[in-house]
Each structure stands twice: as structure tokens, then as C-alpha cells.
Amino acid sequence: MAAMNRQLSGIVVPIFTQFNAQGGIDLDAMEAHMEALIEAGVDAIFVGGSAGEFIALDLEERELIAERLMKGTAGRVPFLIHVTASNLRDSLRLADHGRALGADALVAVSPWFWKHDDESLASFFGAIAERVQDTPLYLYNMPHTGNDLKPELVQRLVGEHSNIVGLKNSQDDMIRTMAYSAMPDTTFFTGSDITALYALSHGTDGIISGMINIVPERFVTLKRAVESGDSATALNCQMDLHKYAQLFAGDIRKMKAGAEIAGYGSRRCREPLGTLSDADYEVLRQTLAKELAL
């Protein structure tokens, strides 16, 4: 099947979910954070991703966030919604909701906890794709799920479903990056901060990373430097991103605290994950100020 038209590229931010002191969703804070990110030059907004703590949200909250923030974008940037839940039925509900909202694209991560073979994964993603045939769907390969989307399976799904148009891969594997980037009729985003420059320089269409919430300007500058051939600026940006990646080490508590220090939202996370302690927050603040000038 021929793939449908694809427009997405560049810096796509999987926006943090903001919580109030009572643990509820703070939609006003989320919209304010989104406005700051758009002002910083990001190319698209993505809600309900792993950086958005979707695993801690119920279906109604995920739908409410999508409704509020999509309305807030007012068409200024593309809007993506993550739809995978703990079972196919709820995933289809979220896909229906995202399609009805008119999202520019939906995103589906692999099922988690249980180990799935390729046929099971193909059935899961195929069911979502068939449900929303007129909406672009991106696959999301996240190592934490325990279910790897191998290049052969991705290519098969792209061939079988015209609305599966690409994927995000969060692995730091440069061989995988080359394999995904080389796929025809496929848009590829990397989620790896430490290989971002390599990926953008070898055919990757963009970056989807939780760290964009913290330092959006560095990612935007990196993309523009690669596009213009400014290798010195691109390398400096990559060195900064590598330092940030080492410091935050994928810990969403530290990442949200870093965003708060940078002036983007609150560090509150929802239980049982918990919020970074005041003592650890102060250590992080001093480290960022001393070593990374944040």
C-alpha cells in the first residue's frame, strides 16, 4: 500500500504532565508550558507519551489533556496523541478519541509487561491502524516495554497499513538508527539524546525527547545547525545534550525538577513515582548552575 502524505519532522516535544498539590492534572500549567515550548521554536506537541507519565493517568485524564492542549495549539503546530493503554480495547478508545479530535497523528507504543512475538505485535498495531485508517499512525519503539519493534516488523507494518507512516525509536543504537532511517516511505524520529547529532546527520527526520521540555532551545539550535551545515554549533549542542543525558539518566523525577529549575512548570510527579526531594532538588540545582549554566 502507498503511504499517506507525511508532513512531520523536526523537534517534537513529548510534553510533561503537570500536577497540582493535590495530585490532580493542572491544565493551566500544562498550557502555559506548551506556550513556552512553542515560543522556543519546537515543531510539534506530543501528549500522553512516556515523559508525560501516561502510565499514571486514567483514560479520562488522557482524553482531557488532549482536548485542552490541542485546542490551545490553535493549529500553530502539529499535534500528536499517544494512544496505547494496558489493553487493546482502551487503546482503540483513545485512538477513536484522537481521530475525532482531528489530531495530526497518533502514536502507539508496544504493549508492555508480557512478552509478545512479532505476530502479536503486528496484530496489535494493525488493529489500531485499521481503526483510524484516515489518520497517520506512528509506531513507538521503547526498550522499557520489553517488546522490540525490529526493522523487519516495522517495514512489514508500513507495507500493510497505508496510515502507518513512521516510528520513534528510543534506543541509543546507531545501527538501528541507520536501518530505520533507510526505510522507504517511513518517517523516523530518534528518542536518543546522546546520538541526536549522528541521527540527524544520517537521515533521521527529527527528535522526540523528554529533555526538550527542559532545554528546548538546544534542540532547536541543533536542528537548525545541522540543516545549515554549521558543524561547530551542532557539535557544541550535542556535547551539551550528552551532559544533560548523563545527569538526568532518564529519571523523570530529575527531568521534571530540571524543567522547574529552567522555568518550565513544576517538578511534581504522580504517586507511586513520587517527586524529587527538596535535598536532591537543591543538589541538582547547584549542579546545573555550576556545570551547565542552567
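Above this text is the structure in question.
These lines cover the structure that appears in this document, whether it is placed above or below. Just so it is clear, the model here is predicted, and its values are computed rather than measured.

1. Let's talk about the overall build of the protein chain
Working step 1: Regarding its fold elements, the protein chain presents eleven helices and eight strands.
Working step 2: C-alpha atoms of the protein chain, sized along the principal axes, occupy 55 × 45 × 40 Å.
Working step 3: At a minimum sequence separation of 6, the contacts of the protein chain that also span at least 24 residues come to 68%.
Working step 4: On the protein chain, roughly 12,500 Å² of surface is accessible, and the fraction owed to carbon and sulfur atoms is 51%.
Working step 5: Positive and negative charge centroids in the protein chain, built from 26 and 39 side chains respectively, lie 2 Å apart.

2. Section: the pattern of salt bridges
Working step 1: Taken as a whole, this structure holds 20 salt bridges when the rule is applied.
Working step 2: Between Glu63 and Arg93 there is a salt bridge, with the nearest N and O atoms lying 2.9 Å from each other. Note that Glu63 is positioned in helix α2 (residues 59-73) and Arg93 in helix α3 (residues 88-101), a separation of 30 residues in sequence.
Working step 3: What makes Arg93 partly exposed here is its relative accessible area of 33%.
Working step 4: For Arg176, the salt bridge goes to Asp148, with nearest N and O atoms at 2.5 Å. Separated by 28 residues along the polypeptide, Arg176 in helix α6 (residues 174-181) and Asp148 in the loop between β5 (137-141) and α5 (151-160) bring together distant segments of the chain.
Working step 5: With a relative accessible area of 14%, Arg176 lands in the buried category.
Working step 6: Of the residues examined, Asp148 reaches a relative accessible area of 25% and is grouped as partly exposed.

3. Quick word on unusual backbone geometry
Working step 1: Look at the link from Glu271 to Pro272: it is a cis peptide, with omega at 10°.
Working step 2: Counting through the fold element by element, Pro272 comes out in the loop between α10 (252-261) and α11 (278-291).
Working step 3: A positive phi is found at Glu53, a non-glycine position, where the angle reads about 55°.
Working step 4: One can find Glu53 in the loop between β2 (44-47) and α2.
Working step 5: Accessibility expressed as a relative area gives 5% for Glu53, which makes it buried.
Working step 6: The phi torsion at Ala249 lies on the positive side, around 50°, for a residue other than glycine.

4. Some remarks on the sheet that holds β5
Working step 1: Strand order in the closed barrel formed by eight strands is β1-β2-β3-β4-β5-β6-β7-β8, and the pairing between neighbours is parallel. Strand-to-strand, the axes of this sheet are offset by a mean angle of 25°, without reference to chain direction.
Working step 2: Relative to strand β8 (residues 206-208), strand β7 (residues 187-190) runs parallel, the two being bridged by two bridges. Of the residues in β8, the one forming a bridge with Thr190 is Ile207.
Working step 3: Sitting on the sheet, α2 touches β2 and β3 (79-82), and the angle it makes with β3 is about 175°.

5. A look at the pairing of β2
Working step 1: Neither face of β2 is left uncovered, since the one carrying Ala44 and Phe46 and the one carrying Ile45 and Val47 both have all their residues buried.
Working step 2: The sheet contact formed by strand β1 (residues 10-14) and β2 spans three bridges and is parallel. Of the residues in β2, the one forming a bridge with Val12 is Ala44.
Working step 3: You can see the chain leave β1, run along helix α1 (residues 27-40) and come back into β2, and the turn it takes is right-handed.
Working step 4: Following the backbone out of β2, through α2 and into the adjacent parallel β3, one traces a crossover that is right-handed.

6. Side note on the nonpolar core
Working step 1: Ile45, Val47, Met211 and Leu222 are the most contacted members of the largest nonpolar core, which has 80 residues in total.
Working step 2: Those residues within four positions of Ile45 in sequence are excluded, and the remaining contacts are Val13, Ile15, Met34, Ile38, Thr73, Val77, Pro78, Phe79 and Leu80.
Working step 3: Ranked by size, the runner-up nonpolar core spans 15 residues in total, among them Ala44, Phe46, Tyr138 and Ile208.

7. Some details on the pairing of β3
Working step 1: Burial along β3 is two-sided: the residues Phe79 and Ile81 and Leu80 and His82 are all buried.
Working step 2: With α3 bridging β3 and its parallel neighbour strand β4 (residues 105-109), the resulting β-α-β unit is right-handed.

8. A look at the packing of aromatic side chains
Working step 1: All told, the structure shown has five aromatic pairs when counted by the stated rule.
Working step 2: Taking the centre distance of 5.3 Å and the plane angle of 75° together, the rings of Phe124 and Phe125 count as edge-to-face.
Working step 3: Residue Phe124 is classed as buried on the basis of its relative accessible area, which comes to 9%.
Working step 4: For the pair Tyr180 and Phe188, a centre-to-centre distance of 5.3 Å together with 40° between the ring planes defines the contact as tilted.
Working step 5: The exposure class of Tyr180 is buried, given its relative accessible area of 0%.
Working step 6: The aromatic ring of Tyr281 is capped on one face by Arg267, whose charged end is 4.2 Å from the ring centroid.

9. Considering the side chain of His161
Working step 1: By the secondary structure assignment, His161 is in the loop between α5 and β6 (164-169).
Working step 2: Assessed through its relative accessible area of 9%, His161 is described here as buried.
Working step 3: A polar atom in the side chain of His161 sits 3.1 Å from the side chain of Glu130.

Thresholds applied
Sequence order sets the numbering: in each chain, residues are counted from 1 along the sequence as written. Residue-level local features of this predicted model are given only where pLDDT is at least 70; pairs of side-chain atoms are given and counted only at 80 or more, and the full residue set underlies all totals for whole chains, interfaces and linings. Based on all heavy atoms of the structure, the side-chain values leave hydrogens and waters out of the count. Only runs of H or I of at least four residues qualify as helices and only runs of E of at least two qualify as strands under DSSP, and these elements are numbered from the N terminus. Whether two residues are in contact is decided by their heavy atoms: any pair within 4.5 Å suffices. What sets the accessible areas is the Shrake-Rupley method with a 1.4 Å probe; for residues, cover comes only from the shown protein chains. The sign given to each residue is positive for Lys and Arg and negative for Asp and Glu; His and the chain ends receive no count. Lys charges are placed at NZ, Arg charges at CZ, Asp charges at CG and Glu charges at CD. By definition, a salt bridge exists where a carboxyl oxygen of Asp or Glu is found within 4 Å of a side-chain nitrogen of Lys or Arg. Each residue gets one of three labels from its accessible area relative to the maximum for its type: buried under 20%, exposed over 50%, partly exposed in between, using a 1.4 Å probe on protein chains only. A pair of strands is treated as paired once DSSP finds two or more bridges between them. Axis definition: a line fitted to C-alpha atoms, limited for helices to the stretch in contact. Angles are taken between N-to-C directions and run from 0 to 180 degrees. If you view a crossover with the strands going away from you and the path from the first strand over the helix to the second runs clockwise, you call it right-handed. Side-chain atoms within 4.5 Å are what join buried Ala, Val, Leu, Ile, Met, Phe, Trp, Tyr and Cys residues into a set we call a nonpolar core. Any Phe, Tyr or Trp ring, taking Trp's six-membered ring, that has another such ring centre within 6.5 Å forms a pair; planes under 30 degrees apart are called stacked, those over 60 apart edge-to-face, and the others tilted. Two limits define a charge over a ring: the Lys NZ or Arg CZ must be within 6 Å of the ring centre, and within 35 degrees of the ring normal. Pairs of N or O atoms are called polar contacts if they sit within 3.5 Å, as long as, within protein, a hydrogen donor faces a hydrogen acceptor (for residues adjacent in sequence, only side-chain-to-side-chain pairs).

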